[in-house]
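Structure at a glance
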Amino acid sequence: MTSEFDQLGLHPQLVQAVSERGYSTPTPIQTKIIPLTMTGQDVLGQAQTGTGKTAAFALPILHLITPGAGHVQALIVAPTRELAMQVAKAVYEYGRNREVRVLAIYGGQPYGRQINRLRKGVDVVVGTPGRLLDLIKQKALDLSQVRTVVLDEADEMLSMGFVEDIETILETTPSERQTALFSATLPPAIRRLADQYMNDPQAITIQRQQL
């Protein structure tokens, strides 16, 4: 099965994983965002759910990662437990052929299990702001070597009152990290966040009718 994902310069194992899931043609957001983020560019993406944005940020992360390096290399922050679980599952499935270790971190689960997994070494962490912050404060989650941070559904996190938590989390990551922010809308508070924590982000807008 030929795949247009080949043309995006992705690792062959990732192209294979995408093909196995039945996708051969990237969506508009994937075509625009994957090549940009693979160069390390910060991205501000305005896109609704259902545009294929999870693969748009997951595939470049998985392409650039060194599996089994023993420290967290990428962090994805999501507003809800359901979204964190969904994104972690997608990242795991896309990265399975590369043996990437993914952990979802959210409230309502025992701390011990999450801390044990972190001790064993995780490549990608997907989590909700509150629980991420708890584990950072407990010194169980070390983000000092993170190369990429993704803020998914940032407007949702804003409306849930998580902006200060996100700022605190970002401050524990290296200043030279790559940051990608996705949001259905871009209210002033999100633009301020982008101005403060992102490095010359490239803005990409995807209309829902392009699906």
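Here is what the cut-offs are and how they apply
- Residues numbered from 1 in each chain as written.
- Predicted model: local features only at pLDDT ≥ 70, side-chain atom pairs only at ≥ 80, totals over all residues.
- Heavy atoms only, no water.
- Buried < 20%, exposed > 50% of the residue type's maximum accessible area, 1.4 Å probe, protein only.
- Helix = DSSP H or I, 4+ residues; strand = E, 2+ residues; numbered from the N terminus.
- Pairing = 2+ DSSP bridges.
- Axes fitted to C-alpha atoms, helices over the stretch in contact; angles between N-to-C directions.
- Parallel < 35°, antiparallel > 145°, perpendicular 65-115°, else oblique.
- Left-handed = near helix turned anticlockwise from the far one by under 90°.
- Contact = heavy atoms within 4.5 Å.
- Nonpolar A, V, L, I, M, F, W, Y, C, P; charged D, E, K, R; others polar.
- 1 Å grid on protein atoms, 1.4 Å probe; cavity = no way out; pocket = protein on both sides within 12 Å on 5 of 7 lines; lining within 4 Å.
- Points joined across faces, edges and corners; volume = space filled by probe spheres on them.

Describing the pairing of strand β6 (residues 178-183)
Within β6, six of the six residues are buried, leaving the element largely enclosed by the surrounding structure. The two faces of β6 match: Gln178, Ala180 and Phe182 on one face and Thr179, Leu181 and Ser183 on the other face are all buried. Sheet topology places strand β1 (residues 43-46) next to β6; four bridges connect them, and they run parallel. Counterpart to Leu44 in the pairing with β6 is Leu181. Looking at chain direction, strand β5 (residues 148-151) and β6 are connected through four bridges and run parallel. Bridge pairing in β6 places Leu151 opposite Leu181.

Examining the packing of helix α3 (residues 53-64) against helix α4 (residues 81-95)
At their nearest, the axes of α3 and α4 sit 10 Å apart, and the two run at 45° to each other. Relative to α4, the element α3 lies oblique. Once α3 is placed against α4, the crossing between them reads as right-handed. Contact residues: Thr54, Ala55, Phe57, Ala58, Leu59 and Leu62 in α3; Val87, Ala90, Val91, Tyr94 and Gly95 in α4. Looking at the contact of α3 with α4, its residues break down into nine nonpolar, two polar and no charged.

As for the layout of surface pockets
Within this model, the largest pocket holds a volume of roughly 430 Å³. Around the largest pocket, the lining is made up of 23 residues, and of these Tyr23, Gly52, Thr54, Ala55 and Tyr94 lie nearest the centre. For the lining of the largest pocket, the secondary structure elements donating two or more residues are α3 and α4.

Some thoughts on helix α2 (residues 28-38)
Within α2, burial applies to Ile29, Gln30, Ile33, Ile34, Leu36, Thr37 and Met38. Close packing links the buried residues of α2 with β1, α3, β6 and β7 (202-205). One or two residues past the end of α2 sits Gly40, with phi positive at roughly 90°.

A word on helix α1 (residues 12-20)
The complete set of buried residues in α1 reads Leu14, Val15, Ala17, Val18 and Ser19. Structurally, α1 contributes buried residues whose contacts are with α3 and α4. Where α1 terminates, the next one or two residues include Gly22, which has phi positive at roughly 90°.

Remarks on empty space enclosed by the protein
By the definition in use, this model includes one cavity of 30 Å³ or more. Along the walls of the largest cavity sit Thr37, Phe57, Pro60, Ile61, Leu64, Thr148, Val150, Gln178 and Ala180, which together make up its complete lining. Put simply, the parts of the chain that give the lining of the largest cavity at least two residues each are α3, β5 and β6. Counting residues per element, the lining of the largest cavity draws most heavily on α3, which supplies four residues. Grouping the amino acids of the lining of the largest cavity by side-chain chemistry returns six nonpolar, three polar and no charged.

So, unusual backbone geometry
Leaving glycine out, the prevailing phi sign among residues is negative, and the prevailing peptide bond configuration is trans. For Lys139, which is not a glycine, the phi torsion comes out positive at approximately 60°. Turning to its location among the elements, Lys139 is positioned in the loop between α6 (129-137) and β5. The backbone phi angle of Asp200 is positive, close to 45°, even though this residue is not glycine. Checked against the element boundaries, Asp200 lands in the loop between α9 (188-197) and β7.

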